[in-house]
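Chain and residue survey
Chain by chain, the residues:
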Amino acid sequence: MGTASENTRKHRIAVLGVGADPGSRARHFLATIARLTDHYELAAICDRSPDVLAEVGDRYGVPGQYADVRTLFANEQPDVVLSLTPKDSHIVMALTAARHGCHIITEIPVALTRRHAAAIAETCRENGVLWEVAEQVWLWPRERLKRQIIDAGLLGEVTHARLWYQTGQYHAFSGIRALVDAPAKRVLGYCGEVPTEPYVAYGGEPERSLKWDSGVIEFANGVACLFEKPPRVFPSSHITFPTGWEIEGTKGNLSRDMLVQYLEDQSLTFPIQEHYTEQDGARVFASLSVATDPPVIWENPYKRYGIATQDDAAKADILTSFHRAVTEGGQPQYGVTEGVRDYELCLAVRESADRGNAWVELPLTEPTALEEQIEAEFLRRYGHDPITETDALLDASFTRSATLWPLAHWL
């Protein structure tokens, strides 16, 4: 699959897990795939809900509709498999697809543990297939524009970063690392748990407490990032948005919405401006810009496909870059290497706290206490190791409730 002789054709893609909610991330991925007609043919879908399967299959005219993964692989040989199934199942779907000779894209994070990630990567190498992780935050148009602003020298030398993220902070670390543009060197973490009124968590778990994380990340180029995952999103006089990050430089700073440049006696503010166009009667995202002299502009390369939103533009980037890697014999633009680096920061913050708030050097060389707990919880829930007993887990009942939640309160 994916050989040089196939470079001129579209890739047949199978999507595992098509989303019960019409507004779900899975449905947005399907809509994006359907628009990328130069790259993919939606050949098969798999979902345990017969109603959802029929609805999505009819909408996109998908010839292969399957209620279980075994039957899909018995009847299909897709070039690419996109796994949008629940988080705990990603390793099972990835290993199964790779062993069937399929290139794979999995949802975030890279894996529940680094041992799981290493097993998927090795299986892909053994079977001559590529693996991409669908991390979109560093590909958001705003983040790409920020990178252009930094490259244009408008921030001067990057010196400092501040990050607030409610959960799933590997997303935010991908954005920060892309702007700092240096490997993380060490981490100092301080974490805790607070009681709260009863609530129902993302996966349906009844809860009476909330875990929080905070830390300092030092990068090899001298940049320090102050990180906070608060117990809840909250308003604050110094935080203008509940989730986001700021990058400080010698000549200015970047927030979610604007560039501020420092002058000798004043500051200049340049809002990030969104520009839209109309295409076939629909409003389509066209570009982002800051009105500096000269202006810095990020153009949406996917507007000709009718990719209308910024998050869908990031999904299109994941899909088209992976198509390019498969057809041209390259490597995924994010992949296991970058995925592990982002997830490792989450783990290192907790590991530092577990060690009595001691600095933890990167990269991590041993399993962390949290990873050991996660793998033990996985075995308790499902009864099988996903690496050595993958096939036995194809019939397991995976839900939105992931093993990460009770141990870390991460999504």
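So, here's what we can say about the structure. (Residues numbered from 1 in each chain as written. Predicted model: local features only at pLDDT ≥ 70, side-chain atom pairs only at ≥ 80, totals over all residues. Heavy atoms only, no water.)

Inspection of every chain in the model, using the stated rule, returns 32 salt bridges. One salt bridge in this structure joins Lys-211 and Glu-193, with 3.6 Å as the shortest N-O distance. You can see Lys-211 sitting in strand S9 (residues 206-219) and its partner Glu-193 sitting in strand S8 (residues 184-200), a full 18 residues away along the chain. Salt bridges here are not isolated pairs; linked through shared partners, they connect Asp-88, Glu-377, Arg-380 and Arg-381. (Salt bridge = Lys/Arg side-chain N within 4 Å of Asp/Glu carboxyl O. Helix = DSSP H or I, 4+ residues; strand = E, 2+ residues; numbered from the N terminus.)

For the rest of this paragraph, the subject is the packing of aromatic side chains. Remark: the centre distance and the inter-plane angle together describe each pair of aromatic rings, the angle taken between the planes. Counted according to the given criterion, the structure contains ten aromatic pairs. Between Tyr-382 and Phe-398 the ring centres are 4.8 Å apart and the planes differ by 50°, which places this aromatic pair in the tilted class. Residue Tyr-382 is located in helix H10 (residues 369-382), and its partner Phe-398 is located in the loop between H10 and helix H11 (404-408); the two are separated by 16 residues in the primary sequence. A single burial state applies to Tyr-382 and to Phe-398, both of which are buried. Members of the aromatic cluster, each reached through a chain of ring pairs, are Tyr-170, Tyr-343 and Trp-410. Taking NZ or CZ as reference, Arg-283 lies 3.6 Å from the ring centre of Tyr-276, over its face. Between the NZ or CZ atom of Arg-400 and the centre of the ring of Tyr-202, over which it lies, the distance is 3.9 Å. (Phe/Tyr/Trp six-rings, centres within 6.5 Å; stacked < 30°, edge-to-face > 60°. Buried < 20%, exposed > 50% of the residue type's maximum accessible area, 1.4 Å probe, protein only. Lys NZ or Arg CZ within 6 Å of the ring centre and 35° of its normal.)

Our next topic: the environment of Gln-273. Tracing the sequence through the fold places Gln-273 in strand S15 (residues 273-279). What makes Gln-273 partly exposed here is its relative accessible area of 36%. Note: C-alpha distance between Gln-273 and Val-290 (17 residues apart in sequence) is 6.2 Å. When sequence neighbours within four positions are dropped, the list of residues in contact with Gln-273 reads Ser-287, Leu-288 and Ser-289. (Contact = heavy atoms within 4.5 Å.)

So yeah, pure geometry; function would need other evidence.
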